[in-house]
Amino acid sequence: MSIEGSAVVDVAFWIVAVMAIAAALLVVTVRDVFKAAAFLAAAFLATAGLFVLLRAEFLAVVQVLIYVGAVSILIIFTVMLVRNVPGGNRTGGPFYVFAGAAAAVLLALGIVYAAFKTDWTDLDQAAAGDDRVAAALTGQYQAEAAPGDGGIELIGGPAADQETARQGVFRRTANNLGTLFIRDYVLAFEVISVVLLAALIGALALARERGAET
Amino acid sequence: MTDAFLENAFFRNIYCNLASSASPRCAGGGPFGDGMFPAGMEWLAFLITAFVIIFLVVNAALLAVNIYIWGERRLVARLQARLGPNRWGPYGLLTPIADLIKILTKEDIVPAAADRLVFNLAPVLIVVPVLLVFAVIPFASSTWVADLNVGVLYIIAVLSVGSYSAVMAGWGSQNRYAMLGAFRAVALLVSYELPMVLALIGVLMITGSMSLVDVVHDQNVPFALVQPLGFLIFLIGSVAEIQRPPFDLAEAESELIGGYHTDYSGIKWGLFQAGEFMATIASAAIITTLFLSGWRGWGFLPSHIWFLIKLVAVLFAMTWLRGTLPRLRIDQVTAFAWKGLLPLAALNLVVSGVLSFIWPAPGVAELWVMAIVNLAVAAVSIFTLGLLLGPRPGERTTPAGSAVFMPAKREGTA
């Protein structure tokens, strides 16, 4: 038995989940905008913890790198440039309340729908003997590690057992994501790159002072 | 994956003395026969082992910090033609302990205007991320806590969290000087993280893996030679990211009193100091692992000694920088990052990309060819950039930073 199936993971899940929800609630209830931004970072961190428990280490690390290390810190930077922060911000009129509530309800409905629609596969069960799932994982690896492929390591050979297949999927999430990005979804990837570059240049153009030298 | 640290013999012995011999990691039991717990209690053995390892790592880091603080004070004193601490113990070796007692017995002052929660959390937040870095560093041929498949990214991510400490300290103190220090810390972090990550990609393109264990394993030629440009950028970026001199303008005592830790005293101030020096050691360990082939060396010394030698060499270089160079201005620092390091990192990325396209899995000979090409590229590009960015003869640089980063300019100062 490995550690994954044990109570340790359950306890860790509940700690992280409660942290994420509590931090998210505090973001919208705390009046001090600086603390709200800090709690936002805490919520992002807790989400990264959830990713770790799902064994998506790459997503977890990228979540910390981008959302905690870059996005939140820039939000805090902006907040610090604003005066009178502990006084709190003005609340909008009833329109904002209703619009915000509608958006929240729609988002929640979407997430719940997606959660029920998803075909959840318990990977511990797969290792415990669901041959179909294990075969699917192994097969995927054989396909990706086809000869002449260049650079992708052979993880699950023809004789790979279920444990290897299961380990293999999680050992190299970053490599698999990279392969998907530059092979299967290369067009979307490139389009997003161009959009981000355009946004970057646009931000520079907007922020540039008119009439300033260079 | 999560229990992969049990591959280390020492950790495995701890675990197997506790866990039942029926558990798959401990066939045949531990060195003292069967484990203490019955089958099914592996989680408890796992937890205890994890706590033992955390205890060891934290205390080793603290001990290393104390030794390093002594070493750095002595060395900087030598570089500046002083004697340094030499009163307490042989060669002043017990000075850190005396300092610690002094810090612990000092009064803990919280300013009346401070935001207590934020103010008290900041010193904790500087230490935690640095300790997390030590989890993925392979200290010897078989000693590491976690072999993460995203190790390199993990280090960058965890270190970037450290800037929250400066921001929270600056904000929590409700003090202009502390706030200015926090602004500078964030400006530094945002500027230097980008070239650092870009410089690392060159290494990752050669190894094809982000696991630090794999990076050391593939490092048949030290990557400081194969990736000289990346090495320099990463070294400068690390010194800037942990805000050591000459990049210590977030706590520049001549302008900002103490920067973001102006209002701290006692053990909280001590935590800031320990966190900064621990970050220095962590950065040196990262540089050793990524660019100086980690624990690898020749056979006549054990692998952890090799790691230690390289670590001390990097720390020596960093202390040398500290003892030699004057502090830079904030506009110089950010301009250097964006106009100097970022183009160099981009160039390094392109050259490394082409080279690893030619040799997808380089052997030792190809690595040497790469090293020669990259050294030539580094020399030419640094020289060209120096011509483009450097001051013209007789030119006097004036501060161009915004009022946010610069204290009011006094008349009559050179």
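The next point concerns the overall build of chain A. Each helix and strand counted, chain A has 9 helices and 0 strands in total. Ordered by position from the N terminus, the helices and strands of chain A form the series α-α-α-α-α-α-α-α-α. Expressed as a percentage of the 214 residues in chain A, the buried residues total 20%. Within chain A, residue pairs in contact and separated by at least 24 positions form 55% of the contacts whose partners lie at least 6 positions apart.

This part is about the overall build of chain B. Per the secondary structure count, chain B includes 15 helices and 0 strands. When each of the 414 residues of chain B is scored for burial, the buried share is 45%. When contacts within chain B are restricted to residue pairs at least 6 apart in sequence, long-range pairs at least 24 apart make up 72% of them.

The next subject is the environment of B:S173. Residues and elements named next belong to chain B. In this fold, S173 is placed in helix 6 (residues 163–173). Using a count of 26 C-beta atoms within 10 Å as the deciding quantity, one classes S173 as buried. For the pair S173 and V118, spaced 55 residues apart in sequence, the C-alpha separation works out to 8.5 Å. Setting aside residues up to four positions removed in sequence, S173 forms contacts with P111, A114, F119, A178, T262 and D263.

Moving on to the nonpolar core. Where a protein is soluble and globular, its nonpolar side chains tend to be buried together. Of all hydrophobic cores here, the largest spans 134 residues; its most connected members are B:V167, B:A182 and B:M278. Of the residues forming this core, the biggest block, 18 residues, is contributed by helix 7 (residues 176–207) of chain B. Residue contacts for B:A182: discarding those within four places in its chain leaves A:M80, B:A166, B:V167, B:A169, B:G170, B:W171 and B:Y260.

What follows is about the packing of helix 14 (residues 330–358) of chain B against helix 15 (residues 364–389) of chain B. Residue and element names in this part refer to chain B. Here helix 14 crosses helix 15 at 155 degrees, and the two axes come no closer than 11 Å. Put simply, helix 14 runs roughly antiparallel to helix 15. As helix 14 packs across helix 15, the resulting crossing turns out to be right-handed. Residues K339, G340, P343, L344, L347, V351 and L355 of helix 14 lie in contact with helix 15, whose contacting residues are M370, V373, N374, V377, S381, L385 and L389.

All names here are of chain A. With respect to the helices, strands and loops of the structure, S193 is situated in helix 9 (residues 186–207). Under the C-beta neighbour-count criterion, S193 is labelled exposed, with 10 such atoms within 10 Å. Linking S193 and A174, residues 19 residues apart in sequence, is a C-alpha distance of 19 Å.

Confidence in the prediction for chain B averages 81 pLDDT; 87% of positions are at 70 or higher. Contacts from residues 401–406 of chain B, a stretch scored under 50 in pLDDT, to residues over four places away or in other chains number 10 contacts.

Phi is mostly negative for residues that are not glycine, and the peptide bonds are mostly trans. Residues and elements named next belong to chain B. Here Y91, not a glycine, exhibits a phi torsion of approximately 55 degrees, which is positive. Secondary-structure assignment places Y91 in the loop between helix 2 (42–79) and helix 3 (95–105). Residues other than glycine seldom take positive phi values, yet Q174 does so here, at roughly 50 degrees. Position of Q174 among the secondary structure elements: in the loop between helix 6 and helix 7. A count of 17 C-beta atoms within 10 Å places Q174 in the partly exposed class.

Next up on the list: helix 15 of chain B. All names here are of chain B. In a regular helix each residue adds 1.5 Å, so 26 residues correspond to 38 Å; helix 15 covers 36 Å between its end C-alpha atoms and thus fits that length. Taken residue by residue, helix 15 has L367, M370, N374 and A378 as its buried positions. As for helix 15, its buried residues are in contact with helix 9 (223–226), helix 10 (228–241) and helix 14.

Residues and elements named next belong to chain B. Direction vectors running N to C along helix 7 and helix 10 enclose 150 degrees, while the axes themselves pass 9 Å from each other. In terms of axis orientation, helix 7 runs roughly antiparallel to helix 10. Every pair of crossing elements has a handedness; the one defined by helix 7 and helix 10 is left-handed. Each of L188, L189, Y192, E193, P195, M196, A199, L200, G202 and V203 in helix 7 lies in contact with helix 10, whose residues at this interface are G230, I233, F234, G237, A240 and E241. Among the residues forming the contact of helix 7 with helix 10, the class breakdown is 11 nonpolar, 3 polar and 2 charged.

This part takes up the confidence of the model for chain A. Averaged over every residue, the pLDDT of chain A is 74; residues scoring 70 or more account for 64%. With pLDDT under 50 throughout, residues 138–163 of chain A is counted as low confidence; its partners more than four residues away or in other chains account for 26 contacts.

Okay, the environment of B:I137 next. All names here are of chain B. Of note, I137 is situated in the loop between helix 4 (116–133) and helix 5 (151–161). Through-space distance from the C-alpha of I137 to that of V65 is 17 Å; in sequence the pair is 72 residues apart. Among residues more than four places away in sequence, those in contact with I137 are W144, L212, A285, I286 and T289.

About the cut-offs
Residues numbered from 1 in each chain as written. Chains lettered and ligands numbered in written order. Predicted model: local features only at pLDDT ≥ 70, side-chain atom pairs only at ≥ 80, totals over all residues. Helix = DSSP H or I, 4+ residues; strand = E, 2+ residues; numbered from the N terminus. Buried ≥ 20, exposed ≤ 12 C-beta atoms within 10 Å, placed from the backbone. Contact = placed C-beta atoms within 7 Å. Core = buried A, V, L, I, M, F, W, Y, C linked by C-beta atoms within 7 Å. Axes fitted to C-alpha atoms, helices over the stretch in contact; angles between N-to-C directions. Parallel < 35°, antiparallel > 145°, perpendicular 65-115°, else oblique. Left-handed = near helix turned anticlockwise from the far one by under 90°. pLDDT = per-residue confidence, 0-100. Expected span 1.5 Å × (residues − 1). Nonpolar A, V, L, I, M, F, W, Y, C, P; charged D, E, K, R; others polar.

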